[in-house]
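# Fold and contact review
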Amino acid sequence: MSTLHQPLTEPELLAALRTLNRSGLRGGGRAPHKPLLLLWLVDRFAVSGNSETRYEEVAEPVGGLIAQYTAAVSIPDGERAALPFRLLEAELWAATDAFSQPLPEPASHRRLLELGARGRLRPAVEKLLDDRQVLDRVRTLLLAEAIGSSTGSSGTGSNSSGTSAGSTDSALEQSLRGALAQPPAGPRYRQETRRVRDSRFARAVLPLYGNACAVCGFSGRIGQAPVGVEAAHVHAHADGGPDVVQNGIALCALHHTLFDQGVLGLTEHLTIMVSPHFTHAGDHRGPTATALAGLPVRLPADPGHRIAPQYVAWHTKHVFRH
Ligand SMILES: [Zn+2]
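This one's a predicted model, so the numbers in the text were calculated from it and none came from an experiment.

Regarding its fold elements, the chain presents 11 helices and nine strands. A buried classification covers 47% of the 322 residues belonging to the chain. In the chain, the share of contacts with a sequence separation of at least 24, taken over all contacts with a separation of at least 6, comes to 65%. As displayed, the chain offers around 16200 Å² of accessible surface, 55% of which is attributable to carbon and sulfur atoms.

Below you can see the structure in the form of structure tokens.
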């Protein structure tokens, strides 16, 4: 996994999870912080189909879990979650402040709260977790990694290994379920925040384009509300693209799909590129997407609101099908 945007195979993901950079614990074993945060994220993904998480949501439940599986008692629960939130491997996870800027180093629990820190598993990881069987195998591995940490930290070896592993497993499962049952982690809350965020982005972007698709000019509405016209991220939000108008473009639902699938792209001069791999079915009778190639997209009147080159470059490199 040399780059952050390459597809990931299941064996690569499992290997990365087995080799997380983790510090040692007093008394043996390895720190359970990262496996526990990852378990929480994987379970959130299983519930909502999206692992995006604000730091303030995980600080208490994940901090509490970590506290249960480490011997140290002097650190407040929240402080424990700050560590893996910042340090989880970048090939698996992207964490930023509320404005999509990198987190400072180091950043305490309090600082992460102030910054509105948020993070999300990489799209390549989420894509693998879409397969329920892969998700279950990832979960099993992470449980084993976290349990391995906790039995190591007990240090005494007084229990027989069989009952120890079994009871820790169910205790950890129970704790996880308890942590995940916290209201902020529920799927309804998740959808609500995403819906609010998306509509804020749309309200900022769409008027700059006259509420019309920048490619074809479609500008449907019901009453005053645009319909079938959407604010697309040029640098995908799932990959850390920011919610700023310079990273947005108004597109109709069809051209949004084609843009996100890499059929349509933008040149540095903001003219339209069409993937050479794209074809229509033989009996296609509508307007043809290939005719769009080379046409300029409609842009906001104010140059300061136009799509910034770095987001176009990202889309061209990681999404557009050359
Ligand atoms: Zn359109």
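From this point, the narrative continues.
What follows covers the coordination of the zinc ion. Surrounding the zinc ion are the protein donor atoms Cys-213 (SG), Cys-216 (SG), Cys-252 (SG) and His-255 (ND1), which sit 2.0 to 2.3 Å from the metal. If you look at the zinc ion, its four donor atoms make angles of 97 to 118° with each other, and the shape they trace is tetrahedral. Each donor residue of the zinc ion lies on one chain, and together they are spaced C-x2-C-x35-C-x2-H. Pair noted here: Cys-216 is in the loop between α9 (187-205) and β4 (221-222) and His-255 is in helix α10 (residues 253-260), with a separation of 39 residues, a long-range link. On the accessibility criterion, Cys-216 (37% relative accessible area) is partly exposed.

Note on placement: Arg-120 falls in strand β3 (residues 118-121). The class for Arg-120 is buried, based on a relative accessible area of 11%. Sequence-distant contacts of Arg-120, that is, excluding residues within four places in its chain, are made with Asn-50, Ser-51, Glu-52, Leu-92, Trp-93, Ala-94, Glu-126 and Ala-238.

What follows deals with empty space enclosed by the protein. Inspection of every chain in the model, using the stated rule, returns three cavities of 30 Å³ or more. Taken together, Glu-52, Ala-94, Ala-95, Thr-96, Ser-100, Arg-118, Gly-119, Arg-120, His-237, Ala-238, Asp-239 and Gly-240 form the lining of the largest cavity. Every element with two or more residues in the lining of the largest cavity is listed here: β2 (93-96) and β3. Class assignment of the residues belonging to the lining of the largest cavity gives a composition of three nonpolar, five polar and four charged. Among the domains, domain 1 (10-185) and domain 2 (189-318) are the pair contributing at least three residues each to the lining of the largest cavity.

Attention now moves to the nonpolar core. Judged by nonpolar contacts, the single largest core of 45 residues is most densely connected at Tyr-55 and Val-138. Put simply, the parts of the chain that give this core at least two residues each are α1 (10-18), α2 (33-48), α3 (55-69), α4 (77-87), α5 (109-115), α6 (123-129) and α7 (132-154). Counting 33 residues, the second largest nonpolar core, distinct from the first, contains Cys-252, Val-263, Phe-278 and Tyr-311.

Here the focus is unusual backbone geometry. Pro-106 follows Glu-105 through a cis peptide bond whose omega is -5°. Note that Pro-106 resides in the loop between β2 and α5. Phi angles above zero are rare outside glycine, and Ser-100 is one such case at about 65°. Located in the positive-phi region is Leu-270, a residue other than glycine, with phi close to 60°. The exposure class of Leu-270 is buried, given its relative accessible area of 10%.

End to end, α3 covers 20 Å across 15 residues, agreeing with the expected 21 Å (1.5 Å per residue, within 8%). A bend of about 25° at Pro-61 is the largest found in α3. Here α3 lies mainly inside the structure; 11 of its 15 residues are buried. When we look at burial in α3, the residues that qualify are Tyr-55, Glu-57, Val-58, Ala-59, Pro-61, Val-62, Gly-63, Gly-64, Leu-65, Ile-66 and Tyr-69.

Listing the buried residues of α1 in full gives Glu-10, Leu-13, Leu-14, Ala-16 and Leu-17. Projected down its long axis, α1 shows its buried positions confined to an angular sector of 160°, all on one face.

Moving on to the pairing of strand β7 (residues 248-252). With five of five residues buried, β7 lies mostly within the body of the structure. Residues Gly-248, Ala-250 and Cys-252 of β7 are buried on one face, and the alternating residues Ile-249 and Leu-251, pointing to the opposite face, are buried as well.

Position of Phe-218 among the secondary structure elements: in the loop between α9 and β4. Every residue in contact with Phe-218, bar those within four places of it in the chain, is listed here: Asn-211, Ala-212, Cys-213, Val-227, Gly-228, Val-229 and Cys-252.

Let us now look at the pairing of strand β6 (residues 229-233). Among the five residues of β6, four are classified as buried, and the element is accordingly described as predominantly covered. Sheet analysis places β6 next to β7, joined by five bridges and oriented antiparallel. Bridge pairing links Val-229 to Cys-252 in β7.

For the rest of this paragraph, the subject is the environment of Leu-264. Tracing the sequence through the fold places Leu-264 in strand β8 (residues 264-266). Considered as a pair, Leu-264 and Thr-290 are 26 residues apart in the sequence and their alpha carbons are 9.2 Å apart. Leaving out residues up to four positions away in the same chain, Leu-264 has contacts with His-255, Leu-258, Phe-259, Ile-272, Met-273, Val-274, Leu-292, His-315 and Phe-320.

Under the definition given, this model contains 14 salt bridges. As a salt-bridge pair, Glu-56 and Arg-54 come within 2.4 Å of each other at their nearest N and O atoms. Assessed through its relative accessible area of 23%, Arg-54 is described here as partly exposed. A salt bridge links Arg-122 to Asp-239; the nearest nitrogen and oxygen atoms lie 3.9 Å apart. Pair noted here: Arg-122 is in the loop between β3 and α6 and Asp-239 is in the loop between β6 and β7, with a separation of 117 residues, a long-range link. A relative accessible area of 8% places Arg-122 in the buried class. The class for Asp-239 is buried, based on a relative accessible area of 10%. Through salt bridges with shared partners, a single network forms among Arg-44, Arg-54, Glu-56 and Glu-57.

Scoring rules and cut-offs
Residues numbered from 1 in each chain as written. Predicted model: local features only at pLDDT ≥ 70, side-chain atom pairs only at ≥ 80, totals over all residues. Heavy atoms only, no water. Helix = DSSP H or I, 4+ residues; strand = E, 2+ residues; numbered from the N terminus. Buried < 20%, exposed > 50% of the residue type's maximum accessible area, 1.4 Å probe, protein only. Contact = heavy atoms within 4.5 Å. Areas by Shrake-Rupley, 256 points an atom, 1.4 Å probe, with all protein chains shown as cover. Donors = N, O, S within 2.8 Å, 3.2 Å for Na, K, Ca; no water. Tetrahedral: all angles 85-135°; square planar, octahedral: opposite > 155°, others 65-115°. 1 Å grid on protein atoms, 1.4 Å probe; cavity = no way out; pocket = protein on both sides within 12 Å on 5 of 7 lines; lining within 4 Å. Points joined across faces, edges and corners; volume = space filled by probe spheres on them. Nonpolar A, V, L, I, M, F, W, Y, C, P; charged D, E, K, R; others polar. Domains from an automatic or database assignment. Core = buried A, V, L, I, M, F, W, Y, C linked by side-chain atoms within 4.5 Å. Expected span 1.5 Å × (residues − 1). Bend = angle between axes of the 7 residues up to and from the residue. Arc of directions from axis to C-beta. Pairing = 2+ DSSP bridges. Salt bridge = Lys/Arg side-chain N within 4 Å of Asp/Glu carboxyl O.

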